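# Understanding the architecture of this molecule
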Amino acid sequence: LFLLISFLMKAATTHLAFNIQFMIATYGIFKQKKLQINHTMFESMAVKKSLLGKLFDFGNIKIVGRLKNRTPQIIKMNYVASPQDFEKRLRRTVKHSYFHRRG
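Our subject in this report is the structure included herewith. (Residues numbered from 1 in each chain as written. Predicted model: local features only at pLDDT ≥ 70, side-chain atom pairs only at ≥ 80, totals over all residues. Heavy atoms only, no water.)

## Some thoughts on the overall build of the protein chain
Counting its secondary structure elements, the protein chain contains three helices and six strands. Moving toward the C terminus, one meets the helices and strands of the protein chain in the order α-β-β-β-β-α-β-β-α. For the protein chain, with 103 residues in total, the buried portion stands at 28%. As displayed, the protein chain offers around 7700 Å² of accessible surface, 60% of which is attributable to carbon and sulfur atoms. (Helix = DSSP H or I, 4+ residues; strand = E, 2+ residues; numbered from the N terminus. Buried < 20%, exposed > 50% of the residue type's maximum accessible area, 1.4 Å probe, protein only. Areas by Shrake-Rupley, 256 points an atom, 1.4 Å probe, with all protein chains shown as cover.)

## Considerations on the sheet that holds strand S1 (residues 15-18)
As summarised here, the arrangement of the three strands in space is S1-S2-S3, forming an open sheet in which the pairing is antiparallel. Edge positions in the sheet fall to S1 and strand S3 (33-38), since each has one partner strand and no second. On average, adjacent strands in this sheet sit at an angle of 10° to one another, irrespective of strand direction. Pairing of S1 with strand S2 (residues 22-27), which is carried by four bridges, proceeds in the antiparallel orientation. Counterpart to Leu16 in the pairing with S2 is Ala25. (Pairing = 2+ DSSP bridges. Axes fitted to C-alpha atoms, helices over the stretch in contact; angles between N-to-C directions.)

Structural data, given as structure tokens:
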């Protein structure tokens, strides 16, 4: 019962969003942590699915980027619904912002 409550609290208080400039992740209820990666500092993204994840279309996402001082910044999200769709949209947004800056 405690594990179920813990999982639901983590899922309800974790948000991952991206726009034309940034990827933003927020965690926590009482002590909120916010991570922000600029698209120019985006490096890689990995999606992992377990057997149950393949059956029910959920998985884990890991996004790696760099901050302005070149330190690595990692955003990990577990049990994300439709992770391949999220990955496709994020890559499209990063690519669009890259070409938009150049042109």
